[in-house]
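What the coordinates show
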There are 2 protein chains.
Amino acid sequence: MENQPQYSLTRPLRCIVKLGGAAITCKNELEKINEENLKAVSIHLRQAMMSGDVVGMDWSRKPGKSDICVNVDEISDQPLSDSSNFIVVHGAGSFGHFQASKSGVHKGGLNQSLVRAGFVATRISVTSLNLEIVRALAQEGIPSTGISPFSSGWTTRQRNVASADIATVATAIDSGFIPVLHGDAVLDHSLGCTILSGDVIIRHLADSLRPDYVVFLTDVFGVYDRPPSEPDAILLREIAVDEDGSWSVIDPAPEDLTKQVEITVAAHDTTGGMVTKISEAAAIAKLGIDVYIVKAATEHSLKALKGEVKSNISDDWLGTAIRFKRTT
Amino acid sequence: MENQPQYSLTRPLRCIVKLGGAAITCKNELEKINEENLKAVSIHLRQAMMSGDVVGMDWSRKPGKSDICVNVDEISDQPLSDSSNFIVVHGAGSFGHFQASKSGVHKGGLNQSLVRAGFVATRISVTSLNLEIVRALAQEGIPSTGISPFSSGWTTRQRNVASADIATVATAIDSGFIPVLHGDAVLDHSLGCTILSGDVIIRHLADSLRPDYVVFLTDVFGVYDRPPSEPDAILLREIAVDEDGSWSVIDPAPEDLTKQVEITVAAHDTTGGMVTKISEAAAIAKLGIDVYIVKAATEHSLKALKGEVKSNISDDWLGTAIRFKRTT
């Protein structure tokens with residue numbers, strides 16, 4: 001990947017945001033969006049990236065109505081609102097996982113009836129989620145535009161990104177849009193097909209487009225030393241990443257941690273859960289890009305999205321910062 | 001375009017099908033799919049392109065249900081059904097046109113608030129239609145996969161195709177999938193943005209991938225000598241295209257036509273209506289590829305989709321065949 005051309009944007013990329021599947025969908029209900037969280041996250045994203053008046057951009061017919069109400073004159077009169085450069089990538093949550101795990105799409109084998117059907121079914125599920133997220137952002141006035149990785153030439157080889165049309169993402173940004181990508185079923189040059197997770201997409205985008213910082217919005221306050229449901233779980237506030245990619249907790253001080261950090265993998269998560277998340281986050285931090293893992297729809301995540309914790313992490317901020325340990 | 005690389009598929013492309021917006025949506029109702037026609041067209045497409053048992057590939061949660069029923073064992077036991085190589089491209093009909101025409105997306109000018117909002121709104125509308133068409137095809141067991149032109153690097157310059165990721169379409173076909181593209185809002189290198197019509201997409205795909213034939217499914221029996229709503233309208237059964245791209249009616253014989261062929265453009269059609277359709281069809285026929293314009297969901301369109309009218313047009317077949325006039 002080091003040899004890939006880096007794309008230069010007219011204005012630098014400020015942030016890549018991951019909308020974690022657990023934060024924007026209802027975990028225990030198949031194909032159900034967490035509307036309340038999605039709305040709150042959309043408002044936060046607007047506050048973090050845009051200035052000026054809100055222009056609604058979802059002009060769809062509402063259920064039960066026969067026409068669409070859009071005040072064209074009012075919109076025409078408004079100056080173009082300025083948005084800083086963001087990319088949104090979302091996970092699948094309760095969309096897609098059922099279809100992918102039932103069929104084994106992540107294991108490949110497109111010459112099997114079940115895998116081919118599961119590939120189609122997975123893409124239908126994740127693209128329907130993508131559409132709803134684009135819609136929610138557009139309702140808040142964010143000029144969002146869906147870019148589905150399969151359609152956009154993302155392929156893998158042994159599950160590592162083999163090709164990706166970064167130029168389309170870069171051109172969309174330069175034209176004033178906020179690209180919205182997602183974890184997707186893609187073709188794999190050795191396995192036939194697999195699942196490309198949103199986290200892997202983010203690492204690849206971060207490598208190519210070098211954002212100022214990356215924010216992972218999830219359903220817990222950050223990374224803990226053990227499953228956060230356990231009563232004594234301690235939030236890891238800062239993790240330092242070494243040049244070799246290894247990482248260590250620096251806040252709280254290691255001596256304050258009673259036991260070694262445990263990592264859990266949710267059984268339904270076909271793309272690897274926390275292990276993938278931390279190792280992808282560490283890989284991004286290794287590029288010198290700060291990574292924040294925060295709870296969606298909270299004041300903490302809003303601060304992270306605004307970049308306010310970059311220079312100064314206040315004591316009352318809850319989240320995990322993962323940063324490169326500069327050896328100067 | 002002549003200099004563009006031609007992509008060679010493992011097996012040749014049999015057919016590109018246009019699902020006309022007028023055929024699959026309700027013309028006079030905003031954002032409403034013509035469910036009956038879409039179902040009939042999906043069945044026809046399956047009959048034309050596939051052999052073997054039907055495996056449902058839309059495993060979405062149905063409204064009101066809490067779980068998804070998929071018989072994984074039954075699907076596993078089925079041999080992979082064989083499908084010949086098709087590409088589906090659909091128009092927008094009552095999706096997208098409202099958003100595009102209200103905002104003037106086709107005229108460009110992304111630095112205007114209204115155009116930028118309209119671009120986002122148009123893409124939401126047309127991608128929601130794309131999702132429903134992919135879903136309808138998948139329900140019939142067609143391994144359909146949506147490829148949105150904007151996401152797939154399609155851009156224009158002065159409304160002519162400037163770039164397009166044909167490789168992704170070709171790879172999807174070689175992997176056994178049926179790509180489903182659509183008319184879309186895209187970036188234009190000179191105008192900022194515009195609308196890329198499904199018809200223009202088809203011509204570009206036909207040029208690059210050389211299908212055996214192209215079928216346009218519409219809401220009338222073919223091309224008429226005047227608006228088909230007029231009582232004396234005569235169906236043009238065969239049109240011959242010259243090497244210079246000009247076209248002439250050869251059946252019925254010109255002396256049987258009482259007046260010169262009129263062309264109508266629907267007022268709501270931001271991409272040009274019949275004029276665009278015939279000129280795009282003529283451009284395809286000029287490549288030596290037969291084009292059939294037929295009424296969707298009829299026995300005539302099924303025959304055209306199966307390629308049965310290629311060698312022999314029977315007297316009872318209703319449709320318009322547009323073919324290259326070979327001067328040998």
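Keep in mind the model is a prediction, meaning the values are calculated, not measured.

Locating Ser81 of chain B in the fold gives a position in the loop between helix H3 (72–77) and strand E2 (86–90). In contact with Ser81 of chain B, not counting residues within four places along its chain, are Arg116 of chain A together with Met50, Ser51, Gly52 and Asp53 of chain B.

Before going further, it helps to spend a moment on the pattern of salt bridges. Residues and elements named next belong to chain A. Enumeration over the complete set of coordinates arrives at 32 salt bridges over all chains. One salt bridge in this structure joins Asp290 and Arg323, with 3.1 Å as the shortest N-O distance. Within this pair, whereas Asp290 is found in strand E14 (residues 290–295), its partner Arg323 is found in strand E15 (residues 320–324), the two being separated by 33 residues in sequence. Both residues of the pair, Asp290 and Arg323, belong to the buried class.

The next thing to look at is the relation of the copies chain B and chain A. Mapping chain B onto chain A calls for a rotation angle of 180° and an axial translation of 0.0 Å; the resulting RMSD is 0.0 Å. The superposition of one copy onto the other is thereby described by a two-fold rotation axis. Among all C-alpha atoms of chain B, that of Ser152 of chain B lies closest to the rotation axis, at 2.3 Å. A share of 100% of interface residues in chain B that are also interface residues in chain A marks the association as one of identical surfaces.

Another aspect to go through is helix H9 (residues 299–306) of chain A. All names here are of chain A. Looking only at H9, the buried set comprises His300, Ser301, Leu302, Ala304 and Leu305. Tucked into the core, H9 has its buried residues touching strand E1 (15–19), helix H2 (35–49), strand E2 (86–90), strand E9 (213–218) and E14. Where H9 terminates, the next one or two residues include Gly307, which has phi positive at roughly 80°.

A few words now on the confidence of the model for chain A. On average, residues of chain A carry a pLDDT of 89, and 91% of them reach 70 or more. With pTM at 0.93, the complex prediction returns an ipTM value of 0.93.

So, on to the nonpolar core. The biggest cluster of nonpolar side chains holds 198 residues, and the ones touching the most others in it are Leu45, Ile87 and Leu205 of chain A together with Leu45, Ile87 and Leu205 of chain B. Every residue in contact with Leu45 of chain B, bar those within four places of it in the chain, is listed here: Val17, Leu19, Met50, Phe86, Val88, Leu137, Ile142 and Leu305 of chain B.

Residues and elements named next belong to chain B. With mixed pairing, nine strands are arranged side by side in an open sheet as E3-E6-E2-E1-E9-E14-E15-E12-E13. The outermost strands of the open sheet, each flanked by one partner alone, are strand E3 (144–146) and strand E13 (247–251). Adjacent strand axes in the sheet meet at a mean angle of 20°, parallel and antiparallel pairs treated alike. Sitting on the sheet, helix H6 (residues 166–174) is in contact with E2 and strand E6 (178–182), with an inclination near 150° to E6.

The subject of this paragraph is the sheet that holds E1 of chain A. Residue and element names in this part refer to chain A. The strand order across the open sheet formed by nine strands is E3-E6-E2-E1-E9-E14-E15-E12-E13, and the pairing between neighbours is mixed. The open sheet has two free edges, formed respectively by strand E3 (144–146) and strand E13 (247–251), since each of these has just one partner strand. Strand-to-strand twist across the sheet, computed as the mean angle between neighbouring axes with direction ignored, equals 20°. Where strand E12 (residues 238–241) lies against E13, four bridges are found, and the strand directions are antiparallel. Within the sheet, the bridge partner assigned to Ala240 lies in E13 and is Ser248. The strands touched by helix H6 (residues 166–174) are E2 and strand E6 (178–182); relative to E6, the strand with the most contacts, the crossing angle is about 150°.

Take Arg323 of chain B: its relative accessible area is 16%, and that puts it in the buried class. In the structure, Arg323 of chain B is positioned 39 residues away from Ile284 of chain B in sequence and 8.8 Å away in space, judged by C-alpha atoms.

Take the UniProt feature "site: Transition state stabilizer" (unreviewed entry) in chain A next. Residue and element names in this part refer to chain A. Per the UniProt entry, the sites bearing "site: Transition state stabilizer" (unreviewed entry) are Lys27 in this numbering. Inspection of the secondary structure assignment puts Lys27 in the loop between helix H1 (21–24) and H2. Ignoring sequence-local partners within four residues, the contact set of Lys27 consists of Ala22, Ser94 and Asp219.

Right, let's get into the pairing of strand E1 (residues 15–19) of chain B. Residue and element names in this part refer to chain B. With respect to burial, E1 is a largely interior element, five of its five residues being buried. Covered by surrounding structure in E1 are Cys15, Val17 and Leu19 together with Ile16 and Lys18, the residues of both alternating faces. Of the pairings in the sheet, the one linking E1 to E2 comprises five bridges and is parallel in character. Note on E2: the bridge partner recorded for Cys15 is Phe86. Direction of pairing for E1 relative to strand E9 (residues 213–218): parallel, over a ladder of five bridges. Paired with Val17 across the bridge in E9 is Val215.

Let us now look at the packing of aromatic side chains. Evaluation of the coordinates by the stated rule reveals ten aromatic pairs over all chains. Aromatic side chains Phe177 of chain A and Phe150 of chain B sit 6.5 Å apart centroid to centroid with 80° between the ring planes, which places their arrangement in the edge-to-face category. With Phe177 of chain A in the loop between H6 and E6 and Phe150 of chain B in the loop between E3 and strand E4 (155–157), this residue pair bridges two chains. Since its relative accessible area comes to 1%, Phe177 of chain A is described here as buried.

Turning next to a negative patch on the surface. Residue and element names in this part refer to chain A. On the surface, a cluster of negative charge is contributed by Asp53, Asp73, Glu74 and Asp77. Inspection of the secondary structure assignment puts Asp73 in helix H3 (residues 72–77). On the accessibility criterion, Asp73 (57% relative accessible area) is exposed.

Rules used in this analysis
- Residues numbered from 1 in each chain as written.
- Chains lettered and ligands numbered in written order.
- Predicted model: local features only at pLDDT ≥ 70, side-chain atom pairs only at ≥ 80, totals over all residues.
- Heavy atoms only, no water.
- Helix = DSSP H or I, 4+ residues; strand = E, 2+ residues; numbered from the N terminus.
- Contact = heavy atoms within 4.5 Å.
- Salt bridge = Lys/Arg side-chain N within 4 Å of Asp/Glu carboxyl O.
- Buried < 20%, exposed > 50% of the residue type's maximum accessible area, 1.4 Å probe, protein only.
- Least-squares fit on C-alpha atoms with pLDDT ≥ 70 in both.
- pLDDT = per-residue confidence, 0-100.
- Core = buried A, V, L, I, M, F, W, Y, C linked by side-chain atoms within 4.5 Å.
- Pairing = 2+ DSSP bridges.
- Axes fitted to C-alpha atoms, helices over the stretch in contact; angles between N-to-C directions.
- UniProt positions renumbered as here; feature names shortened; annotations may be inferred.
- Phe/Tyr/Trp six-rings, centres within 6.5 Å; stacked < 30°, edge-to-face > 60°.
- Patch = residues over 30% accessible without salt bridge, like charges linked within 9 Å, V, L, I, M, F, W, Y side chains within 5 Å.
- Areas by Shrake-Rupley, 256 points an atom, 1.4 Å probe, with all protein chains shown as cover.
- Lys, Arg positive; Asp, Glu negative; His and termini not counted.
- Charge placed at Lys NZ, Arg CZ, Asp CG, Glu CD.

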